[in-house]
Amino acid sequence: MRALVISGGGSKGAFGGGVAQYLLEEKKHKYDLLIGTSTGSLLIPHLALGKVDKIKEIYTSVDMNKIFDINPFVVKRKNDTDIVSINHFNVLLQFLKGRRTFGESQKLKTYIKDNFTLEEFKLLKESGCTIIVTVTNLSKNEVEYKAITDFDYEEFCDWIWISCNYIPFMSLVTKNNSEYGDGGFSSLVPIREAINRGATEVDVVILETEMLSIPKKIGKNPFSLMIDLFQTLLNQVEKHDITIGKLAAKNKNVKLNLYYTPTQLTNNALIFNKEKMHLWWQQGYDYAKNKSELMSDNVQ
């Protein structure tokens with residue numbers, strides 16, 4: 001059984017889409033199982049349907065206005081660098097409403113349902129392909145994996161959306177008497193789950209560099225510092241997931257094909273810049289192609 005795993009990574013999901021496009025269209029990989037976390041959850045339903053052009057258009061045309069009802073960020077460009085600071089008005093509005101998050105992302109839920117139709121859901125459910133999204137149950141402090149076979153259309157769209165909600169900047173969701181957020185908080189790269197479900201070969205798209213090549217610039221204000229701190233913590237989750245995944249693969253003789261981003265794409269994956277994401281998609285495609293050619297040369 002072949003599986004595709006796509007990690008969390010916000011706007012960097014465009015790079016993952018490019019990698020997946022190459023694997024599907026050029027390598028002709030057929031996947032029995034697809035598992036996504038956060039941005040990976042947005043990608044996998046369309047990839048499983050073979051609708052690469054559609055998801056590419058979705059990713060390369062999205063912007064902050066299609067994600068946030070209440071956008072907690074102000075993004076300014078300075079010396080070719082995006083400087084992120086707090087949107088004081090919106091955050092104050094959230095506090096006055098008694099909200100526990102800096103922003104709200106109900107628009108993302110609508111965007112998901114507008115672009116992943118009931119008909120597509122039915123096709124996917126009948127295809128026999130296993131589609132799983134990762135969420136974090138904050139009330140129970142544990143990861144949960146939501147398979148398309150267990151839910152109706154409305155519920156599954158909810159889980160895709162919840163998987164992407166990067167707390168405390170996006171919506172905190174109460175469902176089934178528990179509170180949920182981004183799947184990346186508990187399982188950023190769910191390799192082990194793919195192996196536990198029977199995968200014998202796994203293509204893993206990791207939306208981060210394998211090694212930190214240059215020192216990271218730390219935020220110049222409390223808000224951006226918080227974002228950097230969260231990213232540091234998620235990097236540790238990522239390393240843990242990959243280590244555990246490699247051990248599980250070794251124990252069960254599963255082949256892993258790891259696709260990292262070759263360079264640091266952005267300092268803040270919550271910034272959705274259409275031009276950059278279009279470029280990252282192509283970079284992902286080119287990277288997968290080059291890596292595949294190198295692997296073929298080594299085999300020969």
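Since this is a predicted model, take the numbers as computed values, not measurements. (Residues numbered from 1 in each chain as written. Predicted model: local features only at pLDDT ≥ 70, side-chain atom pairs only at ≥ 80, totals over all residues. Heavy atoms only, no water.)

A. Quick peek at the overall build of the protein. On a plain count of helices and strands, the protein comes out with 10 helices and 10 strands. The globule rule puts the C-alpha radius of gyration for 300 residues at 19 Å, and the 18 Å found for the protein is close to it. Dimensions along the principal axes, computed over C-alpha positions, put the protein at roughly 60 × 45 × 35 Å. Of the contacts formed within the protein by residues at least 6 apart in sequence, a portion of 77% connects residues at least 24 apart. (Helix = DSSP H or I, 4+ residues; strand = E, 2+ residues; numbered from the N terminus. Rg over C-alpha atoms; globule rule 2.2 N^0.38 Å. Contact = heavy atoms within 4.5 Å.)

B. Inspection of the packing of aromatic side chains at higher detail. In total, this model carries 18 aromatic pairs according to the counting rule given. Judged by centre distance (6.4 Å) and plane angle (75°), the ring pair of Phe95 and Phe102 falls under edge-to-face. Classification of Phe102 as buried rests on a relative accessible area of 16%. Where Tyr166 meets Phe230, the ring centres are 6.0 Å apart and the plane angle is 70°; that geometry is what we call edge-to-face. Placement of the pair is Tyr166 in the loop between α7 (153–164) and β7 (173–175) and Phe230 in helix α9 (residues 222–252), with a sequence separation of 64 residues. The exposure classification of Tyr166 matches that of Phe230, with both residues buried. Taken together, the aromatic side chains of Phe68, Phe73, Phe95, Phe102, Tyr166, Phe169, Phe185 and Phe230 make up a single cluster linked through ring pairs. (Phe/Tyr/Trp six-rings, centres within 6.5 Å; stacked < 30°, edge-to-face > 60°. Buried < 20%, exposed > 50% of the residue type's maximum accessible area, 1.4 Å probe, protein only.)

C. Local environment of the pattern of salt bridges. Considering all chains together, one arrives at 12 salt bridges under this definition. Residue Glu208 is joined to Lys12 by a salt bridge in which the shortest nitrogen-to-oxygen separation is 3.1 Å. Note that Glu208 is positioned in the loop between β9 (201–206) and α9 and Lys12 in the loop between β1 (2–6) and α1 (13–25), a separation of 196 residues in sequence. Of the two residues, Glu208 and Lys12, both sit in the buried class. Among the ionic pairs, Asp158 bridges to Lys109, the shortest N-O distance being 3.1 Å. Of this pair, Asp158 sits in helix α7 while Lys109 sits in helix α5 (residues 106–115), and the two are 49 residues apart along the sequence. Residue Asp158 is classed as buried on the basis of its relative accessible area, which comes to 14%. (Salt bridge = Lys/Arg side-chain N within 4 Å of Asp/Glu carboxyl O.)

D. Quick peek at α7. Taking 1.5 Å as the rise per residue, α7 with 12 residues should run 16 Å; its terminal C-alpha atoms sit 17 Å apart, in good agreement. With 10 of 12 residues buried, α7 is to be regarded as a mostly interior element. Looking only at α7, the buried set comprises Tyr153, Phe156, Cys157, Asp158, Trp159, Ile160, Trp161, Ile162, Ser163 and Cys164. The backbone nitrogen of Glu154 has a side-chain oxygen 3.3 Å away, supplied by the residue at the start of α7, namely Asp152. (Expected span 1.5 Å × (residues − 1). Polar contact = N/O pair within 3.5 Å; in protein donor to acceptor, adjacent residues only side chain to side chain.)

E. Fine view of helix α2 (residues 39–48). A large share of α2 lies buried, amounting to eight of its 10 residues. Inspection of α2 places Thr39, Gly40, Ser41, Leu43, Ile44, Pro45, His46 and Leu47 among the buried residues, and these make up the whole buried set. Of the residues flanking the end of α2, it is Gly50, one or two places downstream, whose phi is positive at about 75°.

F. Representation of the environment of Thr101 within the structure. Within the secondary structure, Thr101 sits in the loop between α4 (88–96) and α5. Excluding its chain neighbours within four sequence positions, the residues that come into contact with Thr101 are Gln94, Ile167, Pro168, Met170 and Leu172. In terms of polar contacts, Thr101 uses its side chain to reach the backbone carbonyl oxygen of Gly103, at 2.8 Å.

G. Representation of the side chain of Ser171 within the structure. Mapped onto the fold, Ser171 is located in the loop between α7 and β7. Ser171 gets classed as buried once you look at its relative accessible area, which sits at 2%. A distance of 2.8 Å separates the side chain of Ser171 from the side chain of Glu104, its partner in a polar contact. Polar side-chain contacts of Ser171 include one of 2.8 Å to the backbone nitrogen of Ser105.

H. Region of the structure containing the nonpolar core. Of all hydrophobic cores here, the largest spans 90 residues; its most connected members are Leu47, Phe73, Phe156 and Val202. When sequence neighbours within four positions are dropped, the list of residues in contact with Leu47 reads Leu4, Ile6, Ala20, Leu24, Leu34, Val52 and Ile55. (Core = buried A, V, L, I, M, F, W, Y, C linked by side-chain atoms within 4.5 Å.)

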